[in-house]
Every structure is written in structure tokens, then in C-alpha cells.
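One letter stands for each residue in the lines below.
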Amino acid sequence: MRKVLKFVILLFIVAGCKQKHPFNDYKIEISNLKTFPEIDAYWNALYLLDQDVLMNTSNIFAQDSISISNMARTAILFETYGNEVYKPENVVPILNFTHSRNSEALLAFWPIMLECKKVGGIIESFGGNFPSYQLENISLTFYNYSLLNQEAKYPELLEALTVLETSKTVTQNLIIAFNNQKKRQKLSKIALQGEWKNQAFANKIEKGSFKFVKMSDGDLYIDSYDVIQKLILKESTKEFKLYKVEYEPFGWYYKLQNNGQLSLLNHEGETLIDYTKHI
């Protein structure tokens, strides 16, 4: 059975490479699933694609492509068959979400997490009580900020995600994320604007660093763990500049002072972290 599933994975990869936007192929292959055993086998193939391919891929752009591919197939399963296609013990949608480092895709896929929550089951406890695992991934991906032991913040963060609902389907929003990823892939770094030590917790400096870099499109980006995200200028004064990450959901932003001091602030202007310059 595992050999059969690996063959299916190979077909998945080939289909994904056939054209620039393989999402129509996904719809066709999923619409051809006629029985529950066929759907179960498809879920199993997606699981192996995550475990055997995505988790063993080191190239960030390849990871993004596989991740969005996995998310799109899961979303199309829900859009085609409803949440009845999801069984309470199924971890695939959760892995789709938590193994993605594409912040825009996470927001696009969030409604699938809510559909899984309606069904219940393993999502209630996977990685901690829902929504701790999911919110942690969003926070780390957008801001490299950990929400560990900050459950009191969950209600307002969930409310912020609810406000982001759009008229587009999950698949349509994933296509947009996919296209934006392709555009970022073509960019090159022009100039370093600043560099600070990694710090996901206010009281703990970690190994490595993140940077503000000017890219070849003329815009400023944050480069963290080899993932680049566009920075949007919110405010500029003689003393500091305020930047938010493009598409960020919580209203958090960076304050960069003229002396190079950088801080992460929440939506109320409270300091979450003061970063240390990387020397």
C-alpha cells in the first residue's frame, strides 16, 4: 500500500510541475474521487507528501510550492465534498497549516481550520488545546513572536482573524498567495538596512539574526529564516519609522528608531520585544 501511495505522490509532483498554475488539475483529480476509500487514499497520499517530501525539502521556495500545493488540494476536497470529507482523526489539514512558512497562505487556509474545528476530534488537542498550535504558527511566521503561555490573548487574536474573511474561496486566495510567492522568488537583495538577533520571547535571545533588506523591486522586506516578507511603512517622523508586515493580521508593527533600535509593538502600541542589534 505504501508503494502505491508513493507512486501517487510522484504523480502529484509531476502534475504540479506540468504548468504554472496546476490548481485546475487538482480539481479534476479530486472530482474523480468517487468513493470514500478513494478519498481516504487521497488523504493518505497527502500525508506522505507532507512527511516524505515537504519535511525533507530544504529549499524555501520549493517548500512554499509544495506547501501551497498541499493546502490547495485539501481546500478543494472541502470545497467539493464539504466538511463531511474530514474525519476527526485526520491530521493532514493541521499539518498543512503548521508546516507552511508562507504567511499569506496561512491566512488563506484559516477557514479550513475552522471547518475542522466544527467537526472536532484531534484538532482540539493537537499541539495543545485549540487554537494554541495554530495561533502560535501564525505569530511565529509573521513576526517570529511566540504566544507560549499567553492564552489570555487568544480571543482578540481569533477576532482579528475573523475580520479577515473575504468573498473569495480558500482556493482562490491560495492562488493569489502562490502568484505572490512566484514574484518574490524573482527578487534579489540590494542593500542591508539593519540586522538584529532572533528573539521569539521578550526575555530570551536566540541564535541567528533577521534583517531589514531592500530588494530589487525597490521595497523594504524583513528577511527571517530565509523567508522574506514585504514591509509597509505606516508612519515616518524625524525620530522613527513604523512598519507593518504585509497582510499581517493582528495589527502588530515594528518601530525602527534613527539610532537603529528596533522594537515589536502590538495593536495598542505596547512593546512586545526590544531587539538587540546583531554586531
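Further up the page is the structure itself.
As the structure is a computational prediction, the values presented were derived from the model and not from experiment. (Residues numbered from 1 in each chain as written. Predicted model: local features only at pLDDT ≥ 70, side-chain atom pairs only at ≥ 80, totals over all residues. Heavy atoms only, no water.)

A.B. asks: Give a description of the overall build of the protein that names residues and reports values.
C.D. replies: The helix and strand tally for the protein stands at nine helices and eight strands. The globule rule puts the C-alpha radius of gyration for 279 residues at 19 Å, and the 20 Å found for the protein is close to it. For the C-alpha atoms alone, the extent of the protein along its principal axes is close to 65 × 40 × 35 Å. Taken across its 279 residues, the protein has 48% of its residues classed as buried. When the accessible surface of the protein is summed, it comes to about 13,900 Å², and 53% of that surface belongs to carbon and sulfur atoms. (Helix = DSSP H or I, 4+ residues; strand = E, 2+ residues; numbered from the N terminus. Rg over C-alpha atoms; globule rule 2.2 N^0.38 Å. Buried < 20%, exposed > 50% of the residue type's maximum accessible area, 1.4 Å probe, protein only. Areas by Shrake-Rupley, 256 points an atom, 1.4 Å probe, with all protein chains shown as cover.)

A.B. asks: Can you lay out helix α6 (residues 103-119) for me, pointing to particular residues and giving the numbers?
C.D. replies: Its 17 residues place the ends of α6 25 Å apart at the C-alpha level, agreeing with the 24 Å of an ideal helix rising 1.5 Å per residue. Along α6, the largest kink reaches about 40 degrees and is centred on Phe 109; proline Pro 111 follows within four residues of it. For α6, every residue scored as buried is listed here: Ser 103, Glu 104, Ala 105, Leu 106, Leu 107, Ala 108, Phe 109, Trp 110, Ile 112, Met 113 and Cys 116. Buried residues belonging to α6 abut α4 (60-81), α5 (92-98), α7 (132-143), α8 (154-163), α9 (170-185) and β4 (227-236). You can read the cap of α6 off the contacts: a side-chain oxygen lies 3.2 Å from the backbone nitrogen of Glu 104, and it is on Asn 102. Just downstream of α6 lies Gly 120, where phi reads positive at about 85 degrees. (Expected span 1.5 Å × (residues − 1). Bend = angle between axes of the 7 residues up to and from the residue. Contact = heavy atoms within 4.5 Å. Polar contact = N/O pair within 3.5 Å; in protein donor to acceptor, adjacent residues only side chain to side chain.)

A.B. asks: Explain the nonpolar core to me, using residue names and the numbers behind them.
C.D. replies: Counting 62 residues, the largest nonpolar core has Leu 174, Phe 212, Phe 250, Trp 252 and Tyr 254 as the members making the most contacts within it. Of the residues forming this core, the biggest block, nine residues, is contributed by α6. (Core = buried A, V, L, I, M, F, W, Y, C linked by side-chain atoms within 4.5 Å.)

A.B. asks: Tell me about the sheet that holds β4, residues and numbers included.
C.D. replies: Neighbouring strands of a sheet are bound in pairs by backbone hydrogen bonds; such pairs are parallel or else antiparallel. Here eight strands make up an open sheet; going across it, the order is β1-β2-β3-β4-β5-β6-β7-β8 and the pairing antiparallel. The strands lining the two open edges of the sheet, one partner per strand, are β1 (189-197) and β8 (271-274). Taking each pair of neighbouring strands and ignoring which way they run, the sheet shows an average axis angle of 30 degrees. Two elements, β4 and strand β5 (residues 240-245), share five bridges in a ladder whose sense is antiparallel. Bridge pairing links Leu 233 to Tyr 243 in β5. (Pairing = 2+ DSSP bridges. Axes fitted to C-alpha atoms, helices over the stretch in contact; angles between N-to-C directions.)

A.B. asks: Account for the pattern of salt bridges, with residues named and values stated.
C.D. replies: If you walk through the whole model with that rule in mind, you get seven salt bridges. With a shortest N-O distance of 2.8 Å, Arg 73 and Glu 29 are connected by a salt bridge. With Arg 73 in helix α4 and Glu 29 in helix α2 (residues 23-31), this pair connects stretches of sequence that are 44 residues apart. Accessibility assignment for this pair places Arg 73 and Glu 29 in one class, buried. We note a salt bridge from Lys 230 to Asp 219, for which the minimum N-O separation is 3.2 Å. On the criterion of sequence distance, the pair formed by Lys 230 in strand β4 and Asp 219 in the loop between β2 (209-215) and β3 (220-224) is long-range, its members being eleven residues apart. (Salt bridge = Lys/Arg side-chain N within 4 Å of Asp/Glu carboxyl O.)

Shape descriptors only; they carry no functional weight alone.
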